[in-house]
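Structural features, examined
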Amino acid sequence: MIKDSSLKTRPTRIFAAIALTLALAACQKLGIGAAADSAPTLAVGDATSGEITSSSRLNYNDGSRHQGYRMTLKNGEAVALELGGALNGQLAVFDGQNMIASASASYEGEGDDSAGAVGLAFRAPKDGTYLIAVNSASSSSFGPFKLKTATVVPYDGKPLGADSRITDWLVGTDKQEYKLTVAKAGLYTVTMESSAFDSYLRLNGRNVEVEDDDNGGQLNARIRAYLEPGDYTIAASSLNGSTGSFKLGVAMTATDQGLITRDGTALTVGQTAQSMMDSRGRRTFILNLDSARHIQFDAIADGFDSVLHVTGPGVDAEDDDGGNGTNARLSLPLGPGRYTVAVTGFGNQQGVFELETTDLGSDVTTPANSNRKDAATEAAAAAADAAAAVEVD
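These lines cover the structure that appears in this document, whether it is placed above or below. (Residues numbered from 1 in each chain as written. Predicted model: local features only at pLDDT ≥ 70, side-chain atom pairs only at ≥ 80, totals over all residues. Heavy atoms only, no water.)

Summed over the entire model, instances satisfying the criterion amount to nine salt bridges. The partner of Arg202 in a salt bridge is Glu209, with the nearest N and O atoms 3.7 Å apart. Beyond isolated ion pairs, a larger network of salt bridges with shared partners links Arg202, Glu209 and Glu211. (Salt bridge = Lys/Arg side-chain N within 4 Å of Asp/Glu carboxyl O.)

As structure tokens, then:
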């Protein structure tokens, strides 16, 4: 990890992670030999800037362009590279004719300084001079770039905690486990980011068992869970079987004391309940009505697909995506009595959510206290259709 972070490395694992090479023919197409001979020198800790133009060196295999830098490293020295700027670019590291690491931007942008954002960490397998290649993503990609380098500090093996961030290498298809120690209860976000593989996270401990694949955007994993003080295990792995470097981060957000973490909490019509799933990806509430009312339930989830299930006197209703996006919504005429309202995550997903209960009154199309535009839009459309039907008659 870069200077203000930690990095966990095991020499045999690191060496295996970077041992993969590409065929000699592919490197020759890139023109590595010529690029290395004339490339400027770059030391670890340096930052530089440049620009890929139509006069930059040509990659004969796809028509893209590149700029190279020479970097002299000791055996086992770990380096982090960060490519920024308007260029939609890629990074690659070569040991002679062999490519030992590469990374591409996870998204494309236009006219944006973050359009070509790429991060790459690697470790030198031996003493020598390596070529750092900044490559355009296609034959039509041009623009300025900034390249930063930094030493990756080895992780000392201590448990992770709030505000921890490390860089590590994934080797093979087996999961790698990290200890997380929670000192203060709160909402914790665990992220795993990699440009080399599809990240997969699992979090276990103290009746918590949750996993995630792509909630971090692109192929990155993210878990958000309410954690009580204690020890937990984070398992990091690759979903597609690939290996490479990744960043693992833990952040804590203090939660209001009003966050509901127990089943059976009473709902108040017209108010919003903020809650957190249990280890099964479920949370239940109780709604007591002393008179007949038309109630709308909205389960607004953060990062997962919510499902609503309402049961009670003469009622057994369920919804998955009736609200905005993947949020669940149920609009039900309910008589006096006691009702159980269950919110679950589709596929037992976990996270934080809000449960709104709205009294629709006599107007079931436009909720009196709804802050959503879709109900009002639907009501306006229905009114317009009715007016058009009257004109036709």
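Turning our attention to the side chain of Thr191. Topologically, Thr191 is positioned in strand S13 (residues 186-193). In this structure Thr191 touches Arg165, Leu201, Ala221, Arg222, Lys247, Leu248 and Gly249, once residues within four positions along its chain are discounted. (Helix = DSSP H or I, 4+ residues; strand = E, 2+ residues; numbered from the N terminus. Contact = heavy atoms within 4.5 Å.)

A word on the sheet that holds strand S19 (residues 265-266). On the basis of which strands lie adjacent, the open sheet formed by five strands has the order S19-S21-S26-S23-S24 and mixed pairing. Looking along the sheet, the strands with just one partner apiece sit at the ends: S19 and strand S24 (315-319). With five bridges joining them, strand S23 (residues 306-312) and S24 adopt antiparallel strand pairing. Bridge pairing links Val310 to Ala317 in S24. (Pairing = 2+ DSSP bridges.)

Here we take up the nonpolar core. Membership of the largest hydrophobic core comes to 30 residues, with the highest contact counts inside it found for Leu203, Ile234 and Leu248. Element by element, the count of residues in this core is highest for strand S16 (residues 221-227), at five residues. Setting aside residues up to four positions removed in sequence, Leu248 forms contacts with Leu160, Ser164, Arg165, Ile166, Tyr178, Val190, Thr191, Met192, Leu201 and Ile234. Judged by nonpolar contacts, the second largest core, of 25 residues, contains Ala273, Leu287, Leu332 and Val343. (Core = buried A, V, L, I, M, F, W, Y, C linked by side-chain atoms within 4.5 Å. Buried < 20%, exposed > 50% of the residue type's maximum accessible area, 1.4 Å probe, protein only.)

As a further point, take the pairing of strand S21 (residues 282-289). By the criterion of burial, S21 is predominantly enclosed, with six of the eight residues buried. Examined bridge by bridge, S19 and S21 share two bridges and lie parallel to one another. Each bridged residue has a counterpart across the sheet, and for Ala266 the counterpart in S21 is Ile286.

Here Arg57 is to be found in strand S3 (residues 57-58). On the basis of relative accessible area, Arg57 is assigned to the partly exposed category, the value being 37%. For Arg57 and Gln67, which are ten residues apart along the polypeptide, the C-alpha to C-alpha distance reads 6.7 Å.

Before going further, it helps to examine unusual backbone geometry. For residues other than glycine, phi is negative in most cases, and the peptide bonds are mostly trans. At Asp163, a residue that is not glycine, the phi angle is positive and equals roughly 65 degrees. For Asp163, the position within the fold is in the loop between strand S10 (143-151) and strand S11 (164-170). Even without a glycine there, the phi angle at Asn207 is positive, about 65 degrees. Within the secondary structure layout, Asn207 lies in the loop between strand S14 (199-205) and strand S15 (208-212). Residue Asn207 is classed as exposed on the basis of its relative accessible area, which comes to 71%.

All right, on to the sheet that holds strand S25 (residues 328-334) then. Strand order in the open sheet made by the four strands is S20-S27-S22-S25, with antiparallel pairing throughout. The strands lining the two open edges of the sheet, one partner per strand, are strand S20 (272-276) and S25. Pairs of neighbouring strands in the sheet enclose a mean axial angle of 20 degrees, with direction left out of account. Of the pairings in the sheet, the one linking strand S22 (residues 293-301) to S25 comprises seven bridges and is antiparallel in character. Bridge pairing in S25 places Gln296 opposite Ser331. (Axes fitted to C-alpha atoms, helices over the stretch in contact; angles between N-to-C directions.)

As a further point, take the pairing of strand S12 (residues 176-182). Burial along S12 is one-sided: the residues Gln176, Tyr178, Leu180 and Val182 are buried and none of Glu177, Lys179 and Thr181 is. Note: S12 against strand S17 (residues 230-238), seven bridges, orientation antiparallel. Opposite Gln176, over in S17, you have Ala236 as the bridge partner.

Its place among the elements puts Ala328 in strand S25. The class of Ala328 is buried, set by a relative accessible area of 0%. In this structure, the C-alpha to C-alpha distance between Ala328 and Leu355, residues 27 residues apart in sequence, is 9.7 Å. Excluding residues within four positions of it along the chain, Ala328 makes contact with Phe297, Asp298, Ala299, Ser306, Val307, Leu308, Asp319, Asp320, Gly322 and Gly323.

Right, let's talk about the side chain of Asn327 for a bit. Its location among the elements puts Asn327 in the loop between S24 and S25. Among the residues examined, Asn327 registers a relative accessible area of 13% and is labelled buried. Separated by 3.0 Å, the side chain of Asn327 and the backbone nitrogen of Ala301 make a polar contact. What Asn327 contacts, discounting residues up to four positions off in sequence, is Ala299, Ile300, Ala301, Ser306, Asp320, Asp321 and Gly322. (Polar contact = N/O pair within 3.5 Å; in protein donor to acceptor, adjacent residues only side chain to side chain.)

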